[in-house]
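A structural walkthrough
Read off the chains here:
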Amino acid sequence: MDLINAVIVLLNYTIIPALTYGSQLALGAIFVTLIYGILRFANFATGDMMSFGTMFAVLLTYYFQSIGINFGFLPTALLTIPFAIFMMILYMLLIDQTVFKYYRIKKSPPVQLAMVSVGVMFVTQAVIRIIIGPTDRRFLDGEKFILKATEFKEMTGLAEGLTIKSTQMITIVVTIIVVAIMFWFLNKTKTGTSMRAYSDNEDLALLSGIDPKKVVLITWIIAGILATIGGILYGLDKSYRPFVYFNNMLPIFAAAIVGGIGNPYGAFFGGYVIAFAEIFLTYAYKRFLVYILPESLEPNSLMQLLSTDYKFAISFSILVIVLIFRPSGIFEGKRI
Amino acid sequence: MKNYLNIIVAYSIMMLLIILVGIFQSWSIALTIFNYCMISAVMTLGANIQWGYAGLINFGIMGYTALGGLAVVLVSVAPVPEAWSVGGVNMITSLGIVILMIFSTRYILKNIKKSNKRNYLIAGIIIVGLILIKIIAGPAIEQIEAVDPAKTGFLGGLGLPVLFSWIVGGLFAAGLAFIVGKVALGLRADYLAIATLLIAEIVVSIIKHEDWLARGVKNVIGLKRPAPYEIDLQTSPWFINLVEKFHSAKLNLANSLSERQDILNQLVIDASSVYVKLCFAGMFLVVVIILLIITQKALYSPWGRMMRAIRDNEEAASAMGKNVVKQHLFIFILGSAIVGIAGAMMVTNDGLFTPGSYRPMRYTFVIWVMVIVGGTGNNFGAILGGFVVWFLWVEAAPIALFFINLFTAHLPETNEIKVHLINSAPYFRFLLVGIGLLLIMRFRPQGIIPEKIIKQ
Amino acid sequence: MAFFEGNKMTGGYGDGPDIINSCTINVNRGEIVAILGPNGAGKSTAMKAMLGLLNLKSGNISIDGEDISKLSPQERVKKGISFVPQTRNVFAELTVKENLEVGAFLRTDNVNNVIEEIYDLFPILREKKDQVVGQLSGGQRQQVALGRALMIKPSVLMLDEPTAGVSPIVMDELFEHIIRVKNTKVAIIMVEQNAKQALSISDRGYVLVTGENKFEGSGKELLNDPEVRRSFLGA
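Residues numbered from 1 in each chain as written. Chains lettered and ligands numbered in written order. Predicted model: local features only at pLDDT ≥ 70, side-chain atom pairs only at ≥ 80, totals over all residues. Heavy atoms only, no water.

1. A closer look at the overall build of chain A
Assigned secondary structure in chain A consists of 13 helices and 2 strands. For 336 residues, the compact-globule estimate of 2.2 N^0.38 gives 20 Å, and chain A sits close to it at 21 Å. Along the longest, intermediate and shortest principal axes, the C-alpha atoms of chain A span 70 × 55 × 35 Å. Counting across all 336 residues of chain A, residues that qualify as buried make up 61%. Within chain A, counting contacts between residues at least 6 apart in sequence, those at least 24 apart form 75% of the total. (Helix = DSSP H or I, 4+ residues; strand = E, 2+ residues; numbered from the N terminus. Rg over C-alpha atoms; globule rule 2.2 N^0.38 Å. Buried < 20%, exposed > 50% of the residue type's maximum accessible area, 1.4 Å probe, protein only. Contact = heavy atoms within 4.5 Å.)

Laid out in C-alpha cells, this is it:
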C-alpha cells in the first residue's frame, strides 16, 4: 500500500507535470530545430513568436465567449487554434518576406541572421504588448479537472490523491497528435523528404530540382503550427503573459540543442529530458520517502536537491554540459 | 579627415539632442540620460572589443553586468558582524571546499589520462563536495539569513570605498569570463551566443536566490556614493551661495523676501540633484575617456592588427602561428571585464542593487543593438551606439506619445483606441529599437560609424 | 552538331578573373568524354559553366540544338542535364531509397520503376536501400550519387572527379558502372585526375590548359600522343 502511495506521489508531483511541461518544450524545440535545420539560423524570436500566436488565441477566446460560442467541457481556446495558426503563419511569412529573405538570398552567415532575429524579437514583443498589454491573462474555460484528488482518494481508498488537470491531458494528447502528424509528413511524403534533403545538403537539393521557395514556405507553415499550438498549450496550462514566453525560449533552446539541433526527434525528446531534469532535481522527496523508508529512517529535511528557484538554471547547466562534452547533442543519427 | 568629420557631426547631433532634453524636459533628466548613455557606452566598448575586434559573440552581457553590480555590494557595504559570527566560519569552510574541489579536479585532469575512471573520479569529487557544502553551508545560510532579515540577512561587504568596487567588478567579470571562455569559446558562433546567454541566466539566478550573499531579490539599498548626497548639499552654505550667485537675476525678480526664499529653496533642490549627477558624469567621463584611449591604442597596435587578422581569417592566422584560442580567451576576458566595470558603475550611480531587474532584454540585447547600430569594430561608433540607442530607449515613450496624440488628435479623449494606444506608449521603445536594428542591419550593416580599413 | 555543346565559353566566378577562355566541349549520346588537364586548368569550371553555375561572358551552350545559355541550373536539370559534384554529392542523412526519391523530385510519374532500374544497375543499392547513406562506404556512396543523378533519366550526365578518394579496385568498379550508364544512351562528360584510366574508358578527351583547349581527340589518340603523354600522363 505504501509503495502504491509513493508511486502516486511521484506521478502526481513529478511525472505528470513533467510530461506536460516537456510536451510544451518539445513543440517549441522542434520549431527551433526546424528553423535552424532548414533556414540555418538560431531564431531568438522563438519565444515571442509563440507568444504572438497565443495572443490571437486569447483574443479570439474572449471574442467567442462574448458571442456565446464554447466547446463544451473542453477549453474554447482549442476552437481558436486554426484561426490563431492562420494569423501566426501570415505574420511569419510577412516577417520572412520583409526581413529574413534578404539575408537568405545574400547567403549571410548564420550569426547575422541570428542578430536579425533579435530585431524581430524586439518588434514582435512591441506588437504583442501594444495589442494585448503585458498583463497576466487566463483564458481557460470548460472542465478544469479530469480527476480530482478527493475523487481519486474515494475511488481507491489511498491516502494520496492523484490530480489530473484537463490542461495536462490536453497538452499531452495534442502534442502526441501534432508531433505524429509532423513526423509522418517529414518522413513519408515527397515534400517532407525534400525538406529533409534541403536541410542535409542544400546545393545538391537545388541540383535535384527542389524549389527552395517552397521548402521555406512549408517550413514557416509547420513552424507556425508548432509555435502556435505549443504557445496555446502552455498558456492554457499556466497563464498567458508575454514576458514569460520570452523566458521560455531559454529552456526551449536548451531542449533543441540537447537533442542535437537540426534533429526534430532529438528536439522532441530533448523537451522531455529538460522537463524531467528540472522537475526531478527540484522536487522535495520527503513525502515520497516517507512511504518507502522504514519509520526510523524518515528524513527530517525536505530532501530537495535544489531549490525550485534554480529550475531554469538546471536546464541551462544541462545544456552547457552537453555543449562541452557532446556539441552534436545526445541523440545522434537521423536528422531532418 | 572625412571620417573624423562624420564622427564629429554624429557626436554633435547626439549632444544637441541631450541638450534639447535639458531645455524642454529638465536638466536633471538630461543628465540622467547622459550618465546612462556613458554607462551604456562602457558596456558597448566591452562588447565591441569581443565582437568588433575578434568576432566573438557574447550574449552574456547581463551576467557580467550583474557581477559588476554584485562587486559594489561586496566591496562597499559594511560587514554584518552578527552574520559573520553565526555563519562566517561555515561559509569560509565551504569556500575552501569549493577551491579544493577545483584544484583536485584540475590535478586529476592533468595527471590522469582521459578514461572512464577519470570521469568517475571527477563526478565523485563534485558529488561529495556538493553534499559536504550542503551539510556545512545549509544551516549557516539559514542562520545568516535570519539575522535581522528586514535590513541585513547577509554577510555584508568589506566596507571599502565604493570606487574600488569598479575595479573589483571588472575582476569578477574577468574571472567569470575566464571560466566561460575556457568552456564555451570553442563553440560555433550561434552556439556560443546561446551558451553565453544561458550562463548569464545561471549567474543572475544565483545572485537572485542566494540571499546570504547580497540579499537576493530583497535588494540592497542605500549604497555608498563617491559623490555628495543631495541632502548634504542642500544644507551646505557654500552650495546655497553658489546657487544664489548663479541665479541672482532670477532671484532679484522676486517680490518679497519669503517668495525669494521659496524660489531659492526650489532652486537649491534642483541644483543639488544636477550637481550630484554632474559629479557622476565627470567620473564616468573619465572612465570612458581612459577606456577609449586604451582601446584605440590597442586597436592600432600590432596586437589589434593581429586580432583583426584572426577575426577575418581564423585559419590563415592560426597557420601563421598565432595562438587563436589563447587570443580569443584573452579578448573575451578583457571585453567582459569592461562590461563588469560598467555594471559596477551603474549600481554605484543608482545607489541600489536589484538582482531582480537583470533581464536579458535590457542588459544583453539592447547592448547588442547599441554595438551594431554604432558600428562594429569602431570604438567611436560603439560609444555613439550606446548614446543613440539609450537615448531612443528612454525617449521612445515621449516620442511615441507625441505621435499618438498627433495622429489621434481628431478622436475624442474617450476613444477606446486612443486610450489604449496612449497606455501602450512605453512599449513603443521595443518597436523603435527593433525597427532601428533591422533598418541598420539592412541598409548600413557596418553601423553609423563604420570600421575603417587600415591599410599599410 | 553534337548533342550537348559548350562553344567558346569564357567566364569565371562572380566578378573574378576569367577561368576558362574560349573553351569548347561537346558530347554525343552514348559517348564518354573526359576533360583532363593540370591542376587549375579550369576543368571543373568548364563543366560547371555548362550546368549554368557561372555567368558566361561569351559563348553559348546548347542541348539537342536548343540554346540554353540563359537558363538557370534548375531549368537545365529539367532539360535532362544531371550533375554529380565532386564532394557532398549525396544526402548523407537520408536513406539510399530516399536519396533516389529526391533525385526524382521533378518526375511526376511513378518513380518506383525507375528506382528498380537503378537497383538493377547498382545491385548493392537494393541491398542497402533502407540504410542511411552516411554509413555507407566511399564506393557505395559514389554509386548512390550516380543513382541519384540518373533518377531524372538524364540525357547528359556530368561527373566531377567521380573516383576522387576511392581505392583503385573501387575505381575500376565505378568505371564499369559508368560504362553501363553510357550504354543506356546517356551522354557522359567527366572531369578526371586519373587521366590514364579515364582515357581508357573514354571515347574522346579534351586536355585543357589555363582554361583553353590544348589537345583533343579520341581516347586512344590522346593516350598515344607523345606530347600529351609527356605533359599529363607522367610517362
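2. Topic: the pattern of salt bridges
Residue and element names in this part refer to chain C. Here the structure, examined in full by the defined rule, presents 22 salt bridges over all chains. A salt bridge links Arg-107 to Asp-109; the shortest N-O distance between them is 3.1 Å. On the basis of relative accessibility, which here comes to 41%, the residue Asp-109 falls in the partly exposed class. We note a salt bridge from Asp-120 to Arg-126, for which the minimum N-O separation is 3.0 Å. (Salt bridge = Lys/Arg side-chain N within 4 Å of Asp/Glu carboxyl O.)

3. Quick look at the state of the cysteines
Residue and element names in this part refer to chain B. Taken as a whole and judged by the stated rule, the model has 0 disulfides over all chains. Cys-37 provides the cysteine sulfur closest to Cys-279, a residue in no disulfide bond, and the two sulfurs are 19 Å apart. Judged by its relative accessible area of 22%, Cys-279 falls in the partly exposed class. (Disulfide = S-S within 2.5 Å.)

4. Observations regarding the confidence of the model for chain B
Residues and elements named next belong to chain B. Overall, the predicted model of chain B reaches an average pLDDT of 88, with 98% of residues at or above 70. Of all secondary-structure elements in chain B, the lowest mean pLDDT belongs to helix α11 (residues 248-252), at 80, while helix α3 (residues 61-76) reaches the highest, 94. As scored by the predictor, the complex reaches a pTM of 0.90 and an ipTM of 0.90. (pLDDT = per-residue confidence, 0-100.)

5. Comments concerning the sheet that holds strand β10 (residues 212-218) of chain C
Within a sheet, each strand pairs with its neighbour through backbone hydrogen bonds, oriented either parallel or antiparallel. Residues and elements named next belong to chain C. Spatial strand order, β6-β7-β8-β3-β9-β10: 6 strands in an open sheet with mixed pairing. Two strands bound the open sheet, and with one partner strand each, they are β6 (81-84) and β10. Mean inter-strand twist for the sheet, computed between neighbouring axes without regard to direction, equals 15 degrees. Pairing analysis gives 4 bridges linking β6 to strand β7 (residues 156-160), with the strands arranged parallel. Each bridged residue has a counterpart across the sheet, and for Val-84 the counterpart in β7 is Leu-159. (Pairing = 2+ DSSP bridges. Axes fitted to C-alpha atoms, helices over the stretch in contact; angles between N-to-C directions.)

6. Quick look at the interface of chain A and chain B
Contacts between the two partners involve 43 residues from chain A, matched on the other side by 46 residues from chain B. The junction of chain A with chain B conceals about 4,000 Å² of combined surface from both sides, 77% of it contributed by carbon and sulfur atoms. A per-residue breakdown of the area chain A buries against chain B is headed by Met-115, Phe-122 and Ile-130 of chain A, which together make up 18% of the total. At the surface where chain A touches chain B, the tally comes to 0 salt bridges. At the boundary of chain A and chain B, one finds 9 residue pairs in polar contact (both at pLDDT 80 or more). Residue assignment for the side of chain A that touches chain B shows that the elements contributing at least two residues are α3 (77-105), α4 (110-132), α10 (242-258) and α13 (311-325) of chain A. At 17 residues, α4 of chain A tops the list of elements feeding residues into the side of chain A that touches chain B. A class-by-class count of the residues in the side of chain A that touches chain B yields 35 nonpolar, 6 polar and 2 charged. (Buried area = accessible area lost by both parts, 1.4 Å probe. Polar contact = N/O pair within 3.5 Å; in protein donor to acceptor, adjacent residues only side chain to side chain. Nonpolar A, V, L, I, M, F, W, Y, C, P; charged D, E, K, R; others polar.)

7. Quick word on the sheet that holds strand β2 (residues 20-27) of chain C
Taken in spatial order, the 4 strands line up as β2-β1-β4-β5 (chain C) in an open sheet, and their pairing is antiparallel. Two strands in the sheet have a free side with no partner beyond their single neighbour: β2 and β5 (66-67) of chain C.

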